[in-house]
Amino acid sequence: MRHATSRRIEGLPAPIQGVAQTLVDWIPLGILVLLWELASGTVVAEAVLPPPTTVVGEIVELIVTGDVFSHLFISLFRIGVGLGLSILAGVLLGVGMARSDPVENFFDIFLSMTYPIPKTALVPLAILWLGVGTEAAILIVFLACLLPIVLNSYNAAVDVDQNLVWSAQMMGTSDREMLYKVIFPATVPEIMTGIRQAVPIAFIALVSAELIASNQGIGYLILTSGQIGNYPTMFANIVIISAVAFVAVRGFEETRDRVLVWT
Amino acid sequence: MWVRQGDQLMDGRVTISELEKVYGEGAERTKAIENLSFEVEGGEFVSVVGPSGCGKSTLLYLIAGFLDITSGTIAVDDEPIDGPGTDRGVVFQDYALFPWRTVFENVTYGLEEDGVPKEERQSIAQKYIDLVDLDGFEDKYPKELSGGMKQRVGIARTLAYEPKILLMDEPFGALDQPLREALQDQLRDIWADVGKTIVFITHDVEEAVYLSERVLIMTRHPGTKKTVTEVDLDRSGTREEIVTSDEFADYKNTVWKSLHEETQTEVKL
């Protein structure tokens, strides 16, 4: 989200500037946490809004006892498989539709129809078909992530510079090879953009699915701890999954920048 | 006039017969090229000039096999072309390098496609990278290069897989004057070295006369052959000696006048 020019601190020696910049970046969050701490137990009942100190204690507890990890791994596994499948299918569909009229004609109607459907509305259907558990969650993550990846790779594959295709043709590249030798590499930056959009969507879809259709996972922990009135644990799990999502987005951005050295 | 090497007719002859190219259908139908017959001899350097919209780039892409011929034929060494082929190589105005490949990988692309073994690929690529003065830039990506360097990569890439015919589409059009002149001289040297047929599209009369043995001037819309000027210059001297000579000025005037008649009709329309 942060633009390079916003909230820039300048005119300090490099190491100090780095620390100062980080501090400035996190100040708004610090203020929010402070207000939360003050509001808890005063403006709002502590039972409804446990103070951050309690939530942090609960997070530490969850980590030290190891209770959270089995659920976190299940959640991450579902995201990994769902997102992985959506990348595979999304790139194939997007590039395929862009470069082949029959493929486009066939799949266009499905994508147009499913585009406006909130994918989390399909959770009950996923339960009906796949039962409560991992498969249903994976299906929802897959469906939610598919469209941004299809759309980005489709648009990029349609717009591949004709001269690049001709260049490859004159050097002996066949139409079939063209897909993976020219069209796909030329489309990689936009595929990365699609995945970048899909990563947070994957977390949203996952937690939505786990809230309804699961006996495991962070979403399930959030729901059950809320139902029994254990709000510190509920908050702790919300914070944990948010932090993991944040790290996943940042981690992906780092990877993307490394892959795209040539752009 | 045949260009002969020993007793052999040189390869890379392009024969264009009654060529016609029509774009679109019905009301959208436009004729880009009409009744064009022309022959480029093997090893010859021919420039094609014409007013904008005369179909000179279309002609080049037809020879390359990128576009479909409406009627007539284009043959390379008496063999009618059918789509793109590695006997012809295009140098594009906008370079058209693969941005995800380094300079070296761009130059080796055609050799990879040709199944040349890796070690041989590397030595051939290095030879052409050196030829265009880009040694030291092998591992750079195109985005890290200036326009002139990119075009030298474009030339090296096309030379590397050894097409008989180089098709160049205003390759220096986007570059500034000193750089353009340097690359023109480099191209003349390369042409003398590697002995290829070159079809060179340009709108710059001086460039056409300076570089080529013959200049094909095309009429404006639909494009066809207007006149052909043979340029018989003594090119043994320096650029300055050549471009300031009377004969150079004469050739330039001849081509310019012929071209100017076409641009005049354009203005009247």
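These numbers were taken from a predicted model, which means no experiment stands behind them.

Draft legend 1. Structural view of the pairing of strand β4 (residues 30–40) of chain B. Residues and elements named next belong to chain B. Direction of pairing for strand β3 (residues 14–23) relative to β4: antiparallel, over a ladder of 7 bridges. Its bridge partner being in β4, T15 is matched across the sheet by E39. Here β3 hands over to β4 after 6 residues, with G24 in that stretch at a positive phi of 75 degrees.

Draft legend 2. Quick peek at the pattern of salt bridges. The full count for this structure, using the stated rule, is 18 salt bridges over all chains. One salt bridge connects E113 of chain B with K181 of chain A, and the closest N-O pair in it is separated by 2.5 Å. With E113 of chain B in helix α2 (residues 103–113) and K181 of chain A in helix α8 (residues 175–212), the pair connects residues from two separate chains. K252 of chain B is the salt-bridge partner of E206 of chain B, the closest N and O atoms lying 3.0 Å from each other.

Draft legend 3. Region of interest: the interface of chain B and chain A. Listed as interface residues are 24 residues of chain B and, on the opposing side, 19 residues of chain A. Interface area for chain B against chain A, summed over the two sides, is near 1,900 Å², with a carbon-plus-sulfur share of 67%. At the surface where chain B touches chain A, the tally comes to 1 salt bridge. On inspection of chain B and its partner chain A, the count reaches 8 residue pairs in polar contact (both at pLDDT 80 or more). Looking at the side of chain B that touches chain A, the elements with two or more residues in it are β8 (88–91), α2 and α4 (147–160) of chain B.

Draft legend 4. Seen up close, the UniProt feature "transmembrane region" (unreviewed entry) in chain A. Residue and element names in this part refer to chain A. Mapped onto this structure's residue numbering, the UniProt feature "transmembrane region" (unreviewed entry) falls at residues 26–49, 69–95, 107–130, 136–157, 201–223 and 235–252. Within the segment residues 26–49, helix and strand shares are 58% and 0% respectively, and the terminal C-alpha atoms sit 22 Å apart. Between the end C-alpha atoms of residues 136–157 there is a gap of 31 Å, over a span that is 100% helix and 0% strand.

Draft legend 5. Expanded view of the sheet that holds strand β5 (residues 45–49) of chain B. Residues and elements named next belong to chain B. Strand order in this open sheet of 6 strands is β8-β9-β10-β5-β11-β12, and the pairing throughout is mixed. Pairing within the sheet leaves two strands with one partner each, and these edge strands are β8 and β12 (225–230). With direction set aside, neighbouring strand axes in the sheet form an average angle of 20 degrees. As judged from the 5 bridges shared by strand β11 (residues 214–218) and β12, these two strands associate in the antiparallel manner. When the sheet's bridge partners are listed, R214 is paired in β12 with E230. Lying on the sheet, helix α1 (residues 56–64) is in contact with β5, β8, β9 (165–169), β10 (197–201) and β11; it crosses β9 at an angle near 150 degrees. Against the sheet, α4 contacts β8 and β9, and its axis sits at roughly 175 degrees relative to β8.

Draft legend 6. Highlighting the sheet that holds β4 of chain B. Residues and elements named next belong to chain B. One open sheet accounts for 4 strands, arranged β4-β3-β6-β7; its pairing is antiparallel. Looking along the sheet, the strands with just one partner apiece sit at the ends: β4 and β7 (79–80). Alignment of β3 against strand β6 (residues 71–76), held across 5 bridges, turns out to be antiparallel. The residue bridging T15 from the neighbouring strand is A75, located in β6. Sheet strands in contact with α1 are β3, β4 and β6, and its direction is about 115 degrees off that of β3.

Basis of the calculations
- Residues numbered from 1 in each chain as written.
- Chains lettered and ligands numbered in written order.
- Predicted model: local features only at pLDDT ≥ 70, side-chain atom pairs only at ≥ 80, totals over all residues.
- Heavy atoms only, no water.
- Pairing = 2+ DSSP bridges.
- Helix = DSSP H or I, 4+ residues; strand = E, 2+ residues; numbered from the N terminus.
- Salt bridge = Lys/Arg side-chain N within 4 Å of Asp/Glu carboxyl O.
- Contact = heavy atoms within 4.5 Å.
- Buried area = accessible area lost by both parts, 1.4 Å probe.
- Polar contact = N/O pair within 3.5 Å; in protein donor to acceptor, adjacent residues only side chain to side chain.
- UniProt positions renumbered as here; feature names shortened; annotations may be inferred.
- Axes fitted to C-alpha atoms, helices over the stretch in contact; angles between N-to-C directions.

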